Amino acid sequence: MNDSILDQPATILVVEDEPKLVRLVETLLTSTGHRVLIANDGQTAIEMAAIEAPDLVILDLLLPGAIDGFAVCERIRGFSSTPIIMLTARTREPDKLRGFSLGADDYITKPFSARELLARVRAVLRRSRGSSEPAGQIQIEDLIINQATYSVSVAGNEISLTPTEYRLLLTLARHPDQVIPHTDLLSEVWGAEYRDELTYLRTYIRYLRSKIEPDPTQPRFIKTRSGIGYYLSSSNQD
Ligand code: CA
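Within each chain, residues carry numbers counting from 1 in the order of the written sequence. Since the coordinates come from a predicted model, pLDDT governs what is reported: local features require at least 70, and pairs of side-chain atoms require 80 or more to be given and counted, while whole-chain, interface and lining totals use all residues. Excluded from the side-chain calculation are hydrogens and water; included are all heavy atoms of the structure.

## Here's the deal with the sheet that holds strand β11 (residues 222-225)
(1) Moving on: Here, a strand pair is defined by DSSP locating no fewer than two bridges between the strands. Here a strand is any run of E in DSSP of at least two residues, a helix any run of H or I of at least four, and the numbering for each starts at the N terminus. Spatial strand order, β10-β12-β11: three strands in an open sheet with antiparallel pairing. Both edges of this open sheet fall to β10 (180-181) and β11, since each of them pairs with a single strand only.
(2) Moving on: Examined bridge by bridge, β10 and strand β12 (residues 229-232) share two bridges and lie antiparallel to one another. From the neighbouring strand, Pro 181 faces β12, where its bridge partner is Gly 229.
(3) Moving on: Contacts are residue-level and defined by heavy atoms, with any inter-residue pair within 4.5 Å sufficient. To obtain an axis, a line is fitted to C-alpha atoms, over the contacting stretch when the element is a helix, and the angle between two such axes runs from 0 to 180 degrees between their N-to-C directions. Most of the contacts of helix α7 (residues 163-173) go to β12, to which it runs at about 75°, and overall it touches β10, β11 and β12.
(4) Moving on: Relative to β11, helix α9 (residues 198-212) is tilted by about 145°, and along the sheet it contacts β11 and β12.

Quick look at the structure:
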């Protein structure tokens, strides 16, 4: 990891209508060198995400008007793979899973500390920027990961992955046929502070399978070692 590259200032779009919270988040992010754009409603958020192409979107779920945070997330995912952190007062698990299913990369529950916000922002930017390791091509049967272009294809068909999905697949693909424990995958892909967030991992394994497996119910690539972890199988025999 090369910190000087990974910690470069980012352009961050903050989507929130509560002035006090907007000011707080803006102050925190600009004090760490980031450029902050603000949208107070869903429609403005979608337009700014399209025009400004931010490096990260911090998105509140509860917004005024017809377009809520879930809809904003879904619309942004229609044209961009920029990482999205959802922000909400709600703590219900279904909201979290719905956010993930619409392509959110992480989730922060209000109230949050400055430290927590900055840690999540840093972790998500790190994930989306990837590492500075030499980029090459990894091929496992007809699954091809091109690390130079961050692109993935299966049987010649380009697969669209979010940054987090890509990192997870890459982590598995770098050690084919080797079971990687849950905690190691969580630490590597999400960051050390996420090592016990098994729900994140299970949810993302499901999304990855739905995108890369010919039959997600009978995974050919991503195999489960029950109670231990996952591995990427290099052959179709087991
Ligand atoms: Ca709000």
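## A look at the packing of helix α8 (residues 182-189) against α9
(1) Moving on: It is at 10 Å that the axes of α8 and α9 come closest, and there the two elements cross at 85°. In terms of orientation, α8 and α9 fall into the roughly perpendicular class. Residues His 182, Leu 185 and Leu 186 of α8 lie in contact with α9, whose contacting residues are Leu 198, Tyr 200 and Leu 201.
(2) Moving on: By the convention adopted, Pro, Cys, Tyr, Trp, Phe, Met, Ile, Leu, Val and Ala count as nonpolar, Lys, Arg, Asp and Glu as charged, and the other residues, Gly among them, as polar. Grouping the constituent residues of the contact of α8 with α9 by class yields five nonpolar, one polar and no charged. Each angle gets one of four labels, with under 35 degrees taken as roughly parallel, over 145 as roughly antiparallel, 65 to 115 as roughly perpendicular, and the rest as oblique.

## Looking at the coordination of the calcium ion
(1) Moving on: The protein atoms that coordinate the calcium ion are Glu 16 (OE), Asp 17 (OD), Glu 18 (OE), Asp 60 (OD) and Leu 62 (O), at distances of 2.1 to 3.2 Å.
(2) Moving on: Here a donor is an N, O or S atom found within 2.8 Å of the metal, or within 3.2 Å if the metal is Na, K or Ca; sites may look incomplete because water is not among the atoms. The sequence pattern formed by the donor residues of the calcium ion is E-D-E-x41-D-x1-L. In this pair, Asp 17 is assigned in the loop between β1 (11-15) and α2 (19-31) and Leu 62 in the loop between β3 (56-60) and α4 (69-77), connecting sequence segments 45 residues apart.

## Quick look at the packing of aromatic side chains
(1) Moving on: Each Phe, Tyr or Trp ring (for Trp, its six-membered ring) is paired with any other whose centre lies within 6.5 Å, and the angle between the two planes then decides the class: stacked below 30 degrees, edge-to-face above 60, tilted in between. Tallying each qualifying case throughout the model produces seven aromatic pairs.
(2) Moving on: Between Phe 100 and Tyr 204 the ring centres are 5.7 Å apart and the planes differ by 70°, which places this aromatic pair in the edge-to-face class. Pair noted here: Phe 100 is in helix α5 (residues 93-101) and Tyr 204 is in helix α9, with a separation of 104 residues, a long-range link.
(3) Moving on: Both rings, one in Trp 190 and one in Tyr 204, keep their centres 5.5 Å apart while their planes meet at 70°; by these two values the pair is edge-to-face. With Trp 190 in the loop between α8 and α9 and Tyr 204 in helix α9, this pair connects stretches of sequence that are 14 residues apart. In this pair, the class of Trp 190 matches that of Tyr 204, namely buried. Relative accessibility decides the category of a residue: with a 1.4 Å probe and only protein chains considered, values under 20% of the type maximum give buried, values over 50% give exposed, and everything between is partly exposed.

## Quick notes on the nonpolar core
(1) Moving on: For this analysis, a nonpolar core means a set of buried residues of the types Ala, Val, Leu, Ile, Met, Phe, Trp, Tyr and Cys, connected via side-chain atoms within 4.5 Å. Residues Leu 59, Met 86, Leu 168, Leu 169, Trp 190, Ile 222 and Leu 232 are the most contacted members of the largest nonpolar core, which totals 55 residues.
(2) Moving on: Residue contributions to this core peak at seven residues, all from α9.
(3) Moving on: An automatic or database domain assignment provides the domain bounds reported here. A domain split of this core shows at least three residues from each of domain 1 (3-129) and domain 2 (137-232).
(4) Moving on: Once residues lying within four places of it in the same chain are set aside, the contact partners of Leu 168 are Leu 185, Val 189, Trp 190, Leu 201, Tyr 204, Ile 205 and Leu 208.
(5) Moving on: Counting 18 residues, the second largest nonpolar core, distinct from the first, contains Ile 12, Leu 29, Ile 58 and Val 124.

## As for the domain arrangement of the protein chain
Quite often, the size of an interface is put as the accessible area lost when its parts meet.
(1) Moving on: For the protein chain, the assigned domains read domain 1 (3-129) and domain 2 (137-232).
(2) Moving on: Once you take the C-alpha centre of each, domain 1 and domain 2 turn out to be 24 Å apart.
(3) Moving on: Between domain 1 and domain 2, the residue contacts involve 19 residues of the former and 16 residues of the latter.
(4) Moving on: Between domain 1 and domain 2, a total of about 1400 Å² is buried, with carbon and sulfur atoms accounting for 50% of that surface.
(5) Moving on: Summed over the three residues of domain 1 that lose the most area to domain 2, namely Phe 100, Asp 105 and Arg 127, the buried surface amounts to 44% of that side.
(6) Moving on: The working definition used for a salt bridge is a side-chain nitrogen of Lys or Arg within 4 Å of a carboxyl oxygen of Asp or Glu. Here domain 1 and domain 2 share zero salt bridges between them.
(7) Moving on: Here a polar contact is recorded for every N or O atom pair within 3.5 Å, except that within protein the pair must consist of a potential hydrogen donor and a potential acceptor, and residues adjacent in sequence are included only if both atoms are side-chain atoms. If you look at where domain 1 meets domain 2, you find six residue pairs in polar contact (both at pLDDT 80 or more).
(8) Moving on: Looking at the side of domain 1 that touches domain 2, the elements with two or more residues in it are α5, β5 (106-109) and α6 (114-129).
(9) Moving on: Top element by residues in the side of domain 1 that touches domain 2 is α6. It accounts for six residues. For any pair of parts, buried area is found by adding up, for both, the accessible area (1.4 Å probe) each one loses once the two are put together.

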